[in-house]
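Secondary and tertiary structure notes
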Amino acid sequence: MRRVGGSRRGLDMWLLQRASAIYMAIFLPVFLLILLDSRPLDYAVWQGLFATLALKVATLLFVAALLTHAWIGLREIFIDYIHCTRCALLRLFLYFAFALLYLACLIWAADILWSVR
Amino acid sequence: MRFRIYRYDPESGSKPKMQDYDLDFDARGKKVLDALIAIKDTLDESLSFRRSCREGVCGSDGVNVNGANVLACVTALEGLRQPIEIRPLPRLGVVRDLIVDMEQFYQHYRAVKPYLINLDPEPENERLQSPEARAELDGLWECILCGCCTTSCPSFWWNPDKFLGPAALLQGYRFIADTRDQSTNERLDFLEDPYRLFRCHGIMNCVEACPKGLNPTAAIGKIKTLLVKRAL
């Protein structure tokens, strides 16, 4: 079969990986500063921190960024290393399997965060 | 001086092997290619390798010396750990001994259309550029297509048939950056692909390997920047 031209894809994934990295790079130091600022860090203080909607949302976004970043990284690894003649189906299966797994993790994280009152 | 050189003759039917040579040779001021020529002249005339200009301009004697892709003609013998291991460039088919089949490499090079595409009527003399526009091409036009960068790139090792490799991408950007070229959009269309361009993970082996001191990773970064600018 003749190989067809460029698929006009890849840029979106590449950008999303950079965007998620930037969010994580900003969130982590800010989160650390908030923790340092709220010493002594006992259970009541920890719970108080996560009772605020702002930190709930920011943390959920962090988890979303982390999972997106990880999924794109896995996709890169699959494309790099899994390419026998009939492996396209295996790659497709792995994309969906990990997308489902990570989506489940995201919902789970949301459930944990919003269980704090 | 002790050498260990990769030998393979497909016509003989035997497997590739490493062969040792002891060469009585004054290494001062000499290059790896001088030693290869001396071995062929005095020890083993069956040893095969490519060379032409023997001064780092033609790019035909790219080999792997002690694990690094280099041009044999500009790599000094002094300071190399002995036995000096010389192998063909990695991930390309071996035609014989140190001679590799560059067809895949040239295919990727041809794929980026390495020539000016300009549909305007041809001017009387030449298509002019400002000195600033010409300066954009510095660090791009000097490539001699020796293949040292592309064959040192792990992304090329994993997907040699689909990833264009640093050399072809550098040449692709050389014509994207050229103000006289009119097909930037089509060139970017061709490159925007999960394999052709986006297999580059910024490993930067290409920068380390380039005997001309060029930076394909930077050129690939500029292609990505142009793609982003075009998409926004």
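Cut-off values and rules
- Residues numbered from 1 in each chain as written.
- Chains lettered and ligands numbered in written order.
- Predicted model: local features only at pLDDT ≥ 70, side-chain atom pairs only at ≥ 80, totals over all residues.
- Heavy atoms only, no water.
- Core = buried A, V, L, I, M, F, W, Y, C linked by side-chain atoms within 4.5 Å.
- Buried < 20%, exposed > 50% of the residue type's maximum accessible area, 1.4 Å probe, protein only.
- Helix = DSSP H or I, 4+ residues; strand = E, 2+ residues; numbered from the N terminus.
- Contact = heavy atoms within 4.5 Å.
- Buried area = accessible area lost by both parts, 1.4 Å probe.
- Salt bridge = Lys/Arg side-chain N within 4 Å of Asp/Glu carboxyl O.
- Polar contact = N/O pair within 3.5 Å; in protein donor to acceptor, adjacent residues only side chain to side chain.
- Nonpolar A, V, L, I, M, F, W, Y, C, P; charged D, E, K, R; others polar.
- 1 Å grid on protein atoms, 1.4 Å probe; cavity = no way out; pocket = protein on both sides within 12 Å on 5 of 7 lines; lining within 4 Å.
- Points joined across faces, edges and corners; volume = space filled by probe spheres on them.
- Phe/Tyr/Trp six-rings, centres within 6.5 Å; stacked < 30°, edge-to-face > 60°.
- pLDDT = per-residue confidence, 0-100.
- Axes fitted to C-alpha atoms, helices over the stretch in contact; angles between N-to-C directions.
- Parallel < 35°, antiparallel > 145°, perpendicular 65-115°, else oblique.
- Left-handed = near helix turned anticlockwise from the far one by under 90°.

Looking at the nonpolar core
- Core analysis: the largest hydrophobic core is formed by 36 residues, its most contacted members being L169, Y173, L191, L197, I223 and L227 of chain B.
- If you list the elements that add at least two residues to this core, you get α1 (11-37) of chain A together with α5 (166-176), α6 (184-191) and α8 (216-231) of chain B.
- Top element by residues in this core is α5 of chain B. It accounts for 6 residues.
- Ignoring anything within four residues of it in the chain, the contact list for Y173 of chain B reads E136, L140, A219, K222, I223 and L226 of chain B.
- Formed by 29 residues, the second largest nonpolar core is a distinct cluster that contains Y6, L33, I84 and C148 of chain B.

Some points on the interface of chain B and chain A
- In this assembly, 19 residues from chain B lie in contact with 18 residues from chain A.
- For the pair chain B and chain A, the summed buried area comes to about 1700 Å², and 52% of that belongs to carbon and sulfur atoms.
- Of all residues in chain B, the largest losses of buried area upon contact with chain A belong to W158, E192 and F198 of chain B, amounting jointly to 30% of the total for that side.
- Here chain B and chain A share 2 salt bridges between them.
- For R199 of chain B, the salt bridge is made with D80 of chain A, and the minimal N-O distance between the two is 3.0 Å.
- In this structure, the connection of chain B to chain A is made through 6 residue pairs in polar contact (both at pLDDT 80 or more).
- For the side of chain B that touches chain A, the elements supplying multiple residues, two or more each, are α6 and α8 of chain B.
- When residues in the side of chain B that touches chain A are grouped by element, the largest group, 5 residues, is from α8 of chain B.
- The residue inventory of the side of chain B that touches chain A, partitioned by class, reads 8 nonpolar, 2 polar and 9 charged.

Focus: empty space enclosed by the protein
All names here are of chain B.
- Throughout the structure, instances matching the rule amount to 2 cavities of 30 Å³ or more.
- One number sums up the size of the largest cavity: a volume of about 90 Å³.
- Lining the largest cavity are 13 residues, with C143, C146, C149, C210 and L214 positioned closest to its centre.
- Residue composition of the lining of the largest cavity, by class: 11 nonpolar, 1 polar and 1 charged.
- One number sums up the size of the second largest cavity: a volume of about 70 Å³.
- Contributions of two or more residues to the lining of the second largest cavity are made by α7 (205-209) and α8.
- Along the lines of polarity and charge, the residues of the lining of the second largest cavity split into 8 nonpolar, 4 polar and no charged.

Quick word on the packing of aromatic side chains
Residue and element names in this part refer to chain A.
- With the rule as written, the count across this model stands at 13 aromatic pairs over all chains.
- Ring centres 6.1 Å apart and planes at 20 degrees place the aromatic pair Y23 and F27 in the stacked group. With a gap of 4 residues between them, Y23 and F27 both fall in helix α1, about one helical turn apart.
- According to the relative accessible area criterion, Y23 is partly exposed, its value standing at 26%.
- The exposure class of F27 is buried, given its relative accessible area of 10%.

Side note on the confidence of the model for chain B
- On average, residues of chain B carry a pLDDT of 96, and 100% of them reach 70 or more.
- The ipTM for the predicted assembly is 0.86, set against a pTM of 0.92.

A look at the packing of α5 of chain B against α6 of chain B
Residues and elements named next belong to chain B.
- One way to put it is that α5 packs onto α6 with a least axis distance of 9 Å and a crossing angle of 155 degrees. Looking at the two axes, α5 sits roughly antiparallel to α6. Both α5 and α6 take part in a crossing whose hand is left-handed. Contact residues: α5 offers L169, F175 and I176, while α6 offers T184, R187, L188 and L191.

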